[in-house]
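# Residue-level structural notes
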Amino acid sequence: MNIDFEKQGGLVPAIIQDAATGKVLMLGYMNEEAYRKTLELKRVTFFSRSKNRLWTKGEESGNFLNLVDIASDCDSDALLVKAEPMGPTCHTGSDTCWNEVNAPRNLEFLYELEAVVNQRKRDMDVATSYTAKLFQKGINKIAQKVGEEAVELVIEAKDDNRELFLNEAADLMFHTTVLLAAKGYSWDDVMAILKERHK
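Conventions we followed
- Once a new chain begins, its residue numbering starts again from 1 and follows that chain's sequence as written.
- Only residues with pLDDT of at least 70 are given local features in this predicted model, and only at 80 or more are side-chain atom pairs given and counted; all residues enter the totals for whole chains, interfaces and linings.
- For the side-chain quantities, the full set of heavy atoms in the structure was used; hydrogens and water were omitted.
- UniProt positions are given in the numbering used here, feature names are shortened, and annotations may be inferred rather than shown by experiment.
- Here a salt bridge means any side-chain nitrogen of Lys or Arg lying within 4 Å of a carboxyl oxygen belonging to Asp or Glu.
- The numbering of helices and of strands both runs from the N terminus, where a helix is a DSSP run of H or I of at least 4 residues and a strand a run of E of at least 2.
- The buried label applies to any residue whose accessible area, calculated with a 1.4 Å probe on protein chains only, is under 20% of its type's maximum; exposed applies above 50%, and partly exposed to all values in between.
- Counted as a polar contact is a pair of N or O atoms within 3.5 Å, where, for protein atoms, one must be capable of donating a hydrogen and the other of accepting one, and residues adjacent in sequence contribute only when both atoms are in side chains.
- Each residue after the first adds 1.5 Å to the expected span of a helix.

Looking at an unreviewed UniProt entry, one finds the protein named Histidine biosynthesis bifunctional protein HisIE and attributed to Acetobacteroides hydrogenigenes. In its Subcellular location (unreviewed entry) section, the UniProt entry covering the protein states "Cytoplasm".

Shown next as C-alpha cells:
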C-alpha cells in the first residue's frame, strides 16, 4: 500500500474493527514505523501521542489486537485495520471505546429478541401474541415453561437429532428471555455475572 504519512504530519488515523463482528473497537494513530511493526508482529501497534512512542495495544494488559487485515482509504491517508481482540479493547474494560457490547452478529439477535419480548410485555396484546399470553399468566407459568423446555432439551441431548436438539435449545433461550423480562432483568445482567466469573 502507498500510504501518505506526510499529509497529516507523519500520522494517519487507524480505525480498528473486529474482523468477526464488524464492530468498530477504537481509533488510534500510526506513523510509518507503527504500521510496519503492526505488519511484522501481526499485533496492532500505534504511535501514542501521549507517550510519544510506539505502543502495541495490549502490551501491559494482555488485551492484544491480533492483525487480520489492513487497508487504506481512497485518499491513502487513513487505515481500516481488521483485528481479533484478545479481550476488552478500551482501557475502561469496555468491549469498545464507545462502551458498546461487541458480540458476534448472531448473538446480537438475542438483544433484538429481548427488545421484542419487552415490547410484548408493555403492549400485552394477548389476542395475537403468545408472549403476551405468557406474561398474562404470570411468573409461575413462565417459570414452569422454562423448566419444561430445560427437561426437553436434556431429553434431546441424549439422542443424535441435531434439528430437535437445537430447536429445544432455542425454545429454552426464548422462554428464559421471557422469564428474565418478567423478573425485570436482562441478558446484560446475566452476561455481567459470567464476565465476573471469568476473571
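### Examining the pattern of salt bridges
This structure, assessed with the given rule, holds six salt bridges. Residues lysine 7 and aspartate 77 are paired through a salt bridge, measuring 2.9 Å at the closest nitrogen-oxygen approach. Of the two residues, lysine 7 is situated in the segment before strand 1 (12-18) and aspartate 77 in the loop between strand 5 (65-72) and strand 6 (79-85); the sequence distance between them amounts to 70 residues. A residue is classified by how much of its surface remains accessible, and lysine 7, at 48% relative accessible area, is partly exposed. A relative accessible area of 11% means that aspartate 77 is categorised as buried. One salt bridge connects aspartate 95 with lysine 195, and the closest N-O pair in it is separated by 3.9 Å.

### Concerning the side chain of serine 48
Within the secondary structure, serine 48 sits in strand 3 (residues 45-48). Looking at serine 48, its side chain comes within polar contact range of the main-chain nitrogen of lysine 51, at 3.0 Å.

### Topic: helix 5 (residues 162-183)
With 22 residues, helix 5 extends 32 Å from end C-alpha to end C-alpha; this agrees with the ideal 32 Å at 1.5 Å per step. All of the buried residues in helix 5 are Glu168, Leu172, Phe174, His175, Thr177, Val178, Leu180 and Ala181. Two to three positions downstream of the cap, the backbone nitrogen of glutamate 163 sits 3.1 Å from a side-chain oxygen, assigning the N-cap of helix 5 to asparagine 161. Looking one or two residues beyond helix 5, the residue adopting positive phi is glycine 184, at roughly 85°.

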